[in-house]
Amino acid sequence: QIIEIKEPKHALTNTEMDRIITYYEQFEAFIEDPKHKEFKDFANDFHITLVCDKENLTGAQKATYSSYREKGKLTPIAWSAFLLRTEKTHQEFLDEAERMKKAN
C-alpha cells in the first residue's frame, strides 16, 4: 500500500503525478522481478491511495491518473472521507480495547 497525502484543499499537479507514476513503475518492476519471487508469494500486488481534495492534471499525467483509477490501482480520497475513516478506525480500536479490558 502506497499512501500519498497532500495538504487539505490542495490540487494535485502534473509534477506530483509524475512522482506517483515513478512509485507505480518502481513497485511494478520490483514485483515482476524474478529475484523477488519470495516477496511475490507474500504480496503480489500493490495499491496507491491518494489523499487529495482536487486534481489539476493535464496531458499524459491526466491520462495516466485516469488509467490507474480504471485499473483499480489508484484510489483518490478527499480529506473529509480520510478523516472520517480515521475516526471510525480509532473508535473501533478503542471499543475493542474496552471489550478486552472487561473480559479480563
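Just so you know, these numbers come straight off a predicted model, no measurement behind them.

Draft legend 1. Geometry of the pattern of salt bridges. Tallying each qualifying case throughout the model produces eight salt bridges. Here glutamate 4 and arginine 19 are joined by a salt bridge, their closest N and O atoms 4.0 Å apart. Taken together, the residues span a long stretch of sequence, with glutamate 4 in strand E1 (residues 2–5) and arginine 19 in helix H1 (residues 14–32) at a distance of 15 residues. As a salt-bridge pair, glutamate 92 and lysine 88 come within 3.9 Å of each other at their nearest N and O atoms. Placement of both glutamate 92 and lysine 88 in helix H4 (residues 79–103) is noted, with a separation of four residues, approximately one turn of the helix. By relative accessible area, lysine 88 is classed as exposed at 54%. One salt-bridge network, in which partners are shared between bridges, spans Glu4, Lys6, Glu16 and Arg19.

Draft legend 2. Quick peek at the sheet that holds strand E3 (residues 48–51). One open sheet accounts for three strands, arranged E1-E3-E5; its pairing is parallel. Two strands in the sheet have a free side with no partner beyond their single neighbour: E1 and strand E5 (74–77). Across the sheet, the axes of successive neighbouring strands diverge by a mean angle of 15°, strand direction being ignored. Bridge count between E1 and E3: four bridges; the pairing is parallel. Within E3, the position partnered with glutamate 4 by the bridge is leucine 50. In this fold helix H3 (residues 59–71) packs onto E3 and E5, with an angle of close to 100° to the strand it touches most, E5.

About the criteria used
- Residues numbered from 1 in each chain as written.
- Predicted model: local features only at pLDDT ≥ 70, side-chain atom pairs only at ≥ 80, totals over all residues.
- Heavy atoms only, no water.
- Salt bridge = Lys/Arg side-chain N within 4 Å of Asp/Glu carboxyl O.
- Helix = DSSP H or I, 4+ residues; strand = E, 2+ residues; numbered from the N terminus.
- Buried < 20%, exposed > 50% of the residue type's maximum accessible area, 1.4 Å probe, protein only.
- Pairing = 2+ DSSP bridges.
- Axes fitted to C-alpha atoms, helices over the stretch in contact; angles between N-to-C directions.
- Contact = heavy atoms within 4.5 Å.

No statement about biological role is implied by the geometric values presented.
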